[in-house]
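# Geometric and topological summary
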Amino acid sequence: MTKINLTVDGVTYSDDVEPRTLLVYYLREQLGKVGTVIGCDTSNCGACTVELDGRSVKSCTVLAVQADGGTVTTIEGLDQEGRLDPVQQAFHDNHALQCGFCTPGMIMAARDLLKNNPTPTEDEIREGIEGNLCRCTGYQNIVRAVQAAAGTTTGASA
Amino acid sequence: MSTRWFGQPIPRVEDERLLRGAGAYLDDLGHDALAAAFVRSPHAHARITDVDVSAALDVEGLVAIYTYDDLPDRLAEPLPLLIPHPTLTHGRTPYALARDKVHHVGAPVAMVVAEDRYLAEDAAERIAVRYEPLPAVVGIAAARAAAHLVHEDVPGNLAARMTQSTGDVDAALAAAPHVLSLDLAIERSASTPLEGRGVLARWDAEARRMRIWSSTQTSTGVRAAVAAKLDLPLVDVDVITPDVGGGFGVKIMHPWPEEVLVPWAARLLARPVKFVEDRREHFVASAHERGQLHSVRVGFDDDGRLLGLDVRFWHDHGAFIPYGLIVPIITSTQLLGPYKPGAYRVTFDSLYTNTVIVTPYRGAGRPQGVFVMERVMDAIARELGLDRTTVRERNFIEPHEMPYDHGLVFQDGRPLIYDSGDFPASLAKLKQLVGWDDFEQARETARAEGRRIGIGLACYVEGTGVGPYEGGHVVIETSGKVKVATGLTSQGQGHQTVFAQIVADELGVPLDDVEVVTGDTRRFGYAVGTFASRAAVMSGSAIALAARAAKEKALRVAGDALEANPDDLEIVDGVVRVVGAPGAEISLGTVAVLSNPLRYAFDTAAQAATQFASGDPAKPPVPEDDEPGLEGRDYFSPMQSTFANGMHAVVVETDPDTAEVKILRYCVVHDCGTLINPRIVEGQIHGGVAQGVAGALYERMAYDDAGQLQNASFMDFLMPYASEVPSSVEIDHLETPSPMNPLGIKGAGEAGVIPGAAAIASAIEDAEGIVLTSMPISPSELWELRRSKETG
């Protein structure tokens, strides 16, 4: 067991983990943060995407010990005093989710994209979320949602 | 009048929890449960000579290991053959854990239960299974050749041979001025939801009740199967479907081995047990679909009208056939699409191979059938030098010919009778939408720029809303809130939203007051499941009928209270009022109070229903033929399916050097009857189209000759990302109401995927001047086709 100290969604944790424990299992099993889900185990689907120290990572490919000393934000940490954050709201407004399983990872990836490129073109959005699989929506409404969120966050029209 | 919700493209009520990561998928439950992991066969076909668990026994946290020999009673019998058919003469289903033999890579051999999944897998990898490999039968050619058998007692690897026909095909072909033969192939693909299968079971030893959560498309099916396998009374088994991360067909298959083994272990160990499939397991231990070979002869006249169609095909159903012949039966009937075939004969063989089982995946046999029929249409157009839309138009069933009886039996055992549809109008809309008649100009412009573009189309008819039935329950609580339940399940379709729309309109209550529960046998015990684009048709109709029953009672009770004729009452925003008499009104919540004669008041409002406060002393408190409470329960069971239809057109560009195919435009004309929520229907089409594109250009199951699936991960199975799908699906709806149900609706869930491979093949052919006979097609395959064309 290895001791790790980290901040997750604004709360500080100090826990013993096995060195082999993946960050996503630590989040889900030890912290009960099951909003971050697992879709593939090979880092292809992106369902487990979280923010680690300001960058989006696939938490199935990060060991919990690698997050030691870090700051993690999951989908459960986006709450703005009860309101959805702009990307979440845009997903709702644009019917960008169906089963919802890819949604937490997709939203975290989209936030990361918009942080680095606040006014992406459609092609840039498609490239930006290319690490995240969705089987339900055909992506069209996801792309629209990210465009809409970009409008919201930058004040520009979508 | 308050807002009418039916037909409104409102956002979904499901979204809030899912957007916050507050959904509850299977693996989000059962934090206290033991974890199950499985030892699975690495061989496609082998005899098991020994299972040695000794090395696993000292793994810390191990709780139990089970093999076939541990299974008692009915659990030791083969899993059920869910849908028998007279022609399914050699139906074989697997054991929950392999007995003596394994028949495909991924077959479960031993179950390990441990304190967590890491430890369960640690133990599983220490279990030594000795195999004696047997020759593997992989692919339709090997199955047909039958040099080796998947099951020793199934000659020719043949589970079933089935023929349907109408008219004299041999005579029609002999007399036809033109006859063409086509050999066509469609590869395997799979549903591949983002969430795999999973099951959690809790045995309550004190109450002697089993509670199961399963990521399934049929909670009632799982319930009945587990009760039977574990010899439990049905009333003591609850099956609850939590949020489900996609299904697309694979989760209608049940019971999976894990679905009976996990509850059994939970009872044996008196501890909750959970199994969650990982991605590799989903590829090798769930189900695939699609793989078929077709050999077609078609006879037609000088105008391109079909005179006779003779279809022979071979369906690879994998190592077992638990779901029966549904997929090939659908192929063999829905192949006909919107066309009159003249004389028709179809014969299929359903064949065993040493691969994962084949059960319905969105579209369920239709993409194959449509691919075949639309290839035939394109071949006729090419042969006669006619426009491809002209050939189709000439073969359409006309609106005045509806209902149209094909003289065949559909997948539900009912006659194949199209109830409605206007195919010429759909095609006219599609041509307009895609600009079919102006395409030659676009082609010339592109050609001048050194670019190759092509246009294609494909048409389909889809039998939706198959029986036998679904039910709905609507209860108006004393709070005025309306609680709705139906037994079929949800995997992201937005049922909570659309069913609430239906109920809000039927009852005259605010949408926010309606709450819908699906797939929970505690709330509704009679149901079939979510498949065959049936949820809106079946449960939507049943819920509408249930709401009408509740409304009828509400008006009756309110009429007594208001001393008014129920015919003079209306319900607006949850208040029953006398039409034209302002102030004469009573809230639905109060009506609910009055509907239930009480001895004991539980709050102030309830005092109105107690024995000294209400009731006619001349009548019993609950009249004969009535019951307490403000509820409606009803069922919908139509005579047959209702047939939706659609047509897709696609414009592609093929790279002259790399042979890469880019979709420039994707147009859909879709008729699913009246729309409950256009936003949700369009979302279904978007997702279906993406799966159609995937099946046309990217996805296949790459089995090698030994039966090893070479691409059993998202690294190698090319499920499209946002960068591979059309940037915009252009949709136009035609609404031909179904006469088969009270709401005029037809199913919409599967439609988008069905004509994808056919339309894209047509477009690539048009761009390249090369005949395509199999899908999917990769750039390298297209490049090879070009080369063989050039070299003659």
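The structure displayed is predicted, hence computed values, not measured ones. (Residues numbered from 1 in each chain as written. Chains lettered and ligands numbered in written order. Predicted model: local features only at pLDDT ≥ 70, side-chain atom pairs only at ≥ 80, totals over all residues. Heavy atoms only, no water.)

## Structural notes on the overall build of chain A
- The helix and strand tally for chain A stands at five helices and five strands.
- Starting at the N terminus and ending at the C terminus, chain A contains elements arranged as β-β-α-β-β-β-α-α-α-α.
- Taken over C-alpha atoms, the radius of gyration comes to 15 Å for chain A, in line with the 15 Å a tight globule of 158 residues would show.
- Taking the principal axes of its C-alpha atoms as reference, chain A extends roughly 50 × 30 × 25 Å.
- Per-residue burial over chain A gives 56% buried out of 158 residues.
- In chain A, 56% of the contacts between residues at least 6 apart in sequence involve partners at least 24 apart.
- For chain A, the computed accessible surface area is about 6000 Å², with 44% contributed by carbon and sulfur atoms.
- Distance from the positive charge centre (12 side chains) to the negative charge centre (20 side chains) of chain A: 3 Å. (Helix = DSSP H or I, 4+ residues; strand = E, 2+ residues; numbered from the N terminus. Rg over C-alpha atoms; globule rule 2.2 N^0.38 Å. Buried < 20%, exposed > 50% of the residue type's maximum accessible area, 1.4 Å probe, protein only. Contact = heavy atoms within 4.5 Å. Areas by Shrake-Rupley, 256 points an atom, 1.4 Å probe, with all protein chains shown as cover. Lys, Arg positive; Asp, Glu negative; His and termini not counted. Charge placed at Lys NZ, Arg CZ, Asp CG, Glu CD.)

## Quick notes on the interface of chain A and chain B
- In this assembly, 52 residues from chain A lie in contact with 54 residues from chain B.
- Carbon and sulfur atoms make up 54% of the surface buried where chain A meets chain B, a total of about 4400 Å² over both sides.
- Our count for the contact surface shared by chain A and chain B stands at five salt bridges.
- As a salt-bridge pair, Arg-20 of chain A and Asp-122 of chain B come within 2.7 Å of each other at their nearest N and O atoms.
- Taken together, chain A and chain B are joined by 29 residue pairs in polar contact (both at pLDDT 80 or more).
- Secondary-structure elements contributing two or more residues to the side of chain A that touches chain B are α1 (23-30), α2 (86-93), α3 (103-116), α4 (122-128) and α5 (140-154) of chain A.
- Along the lines of polarity and charge, the residues of the side of chain A that touches chain B split into 21 nonpolar, 19 polar and twelve charged. (Buried area = accessible area lost by both parts, 1.4 Å probe. Salt bridge = Lys/Arg side-chain N within 4 Å of Asp/Glu carboxyl O. Polar contact = N/O pair within 3.5 Å; in protein donor to acceptor, adjacent residues only side chain to side chain. Nonpolar A, V, L, I, M, F, W, Y, C, P; charged D, E, K, R; others polar.)

## Structural notes on unusual backbone geometry
Residues and elements named next belong to chain B.
- Cis peptide bonds are those with omega within 30 degrees of zero, and the linkage from Gly-467 to Pro-468 qualifies with 0°.
- With respect to the helices, strands and loops of the structure, Pro-468 is situated in the loop between β18 (452-464) and β19 (470-476).
- Cis peptide bonds are those with omega within 30 degrees of zero, and the linkage from Met-775 to Pro-776 qualifies with 0°.
- By the secondary structure assignment, Pro-776 is in the loop between β29 (774-775) and α18 (779-790).
- Unusually for a residue other than glycine, Arg-208 sits at a positive phi of about 55°.
- Within the element layout of this structure, Arg-208 appears in the loop between β9 (198-204) and β10 (209-214).
- Judged by relative accessible area, Arg-208 falls into the exposed class, the value being 52%.
- Backbone geometry at Glu-563 places phi at a positive 50°, although glycine is not the residue there.

## Section: the packing of helix α16 (residues 678-697) of chain B against helix α17 (residues 756-768) of chain B
Residues and elements named next belong to chain B.
- It is the contact of α16 with α17, at a shortest axis distance of 8 Å, that shows an interaxial angle of 55°. If you check the angle between α16 and α17, you find them oblique. As α16 runs across α17, the sense of the crossing is right-handed. Contact residues: Gly-692, Val-693, Ala-696 and Leu-697 in α16; Gly-756, Ala-757, Ile-760 and Ile-764 in α17.
- Here the residues of the contact of α16 with α17 are counted per class, giving six nonpolar, two polar and no charged. (Axes fitted to C-alpha atoms, helices over the stretch in contact; angles between N-to-C directions. Parallel < 35°, antiparallel > 145°, perpendicular 65-115°, else oblique. Left-handed = near helix turned anticlockwise from the far one by under 90°.)

## Points about the domain arrangement of chain A
All names here are of chain A.
- You can read the domains of chain A as domain 1 (2-78) and domain 2 (86-150).
- Inter-centroid distance (C-alpha atoms) of domain 1 to domain 2 is 21 Å.
- With 19 residues of domain 1 at the contact, the number on the domain 2 side is 13 residues.
- The tally of links between domain 1 and domain 2 comes to two salt bridges.
- Residue Arg-111 is joined to Glu-51 by a salt bridge in which the shortest nitrogen-to-oxygen separation is 3.8 Å.
- The interface formed by domain 1 and domain 2 contains five residue pairs in polar contact (both at pLDDT 80 or more).
- At the level of elements, β3 (49-52) and β4 (55-58) are the ones that each hand at least two residues to the side of domain 1 that touches domain 2. (Domains from an automatic or database assignment.)

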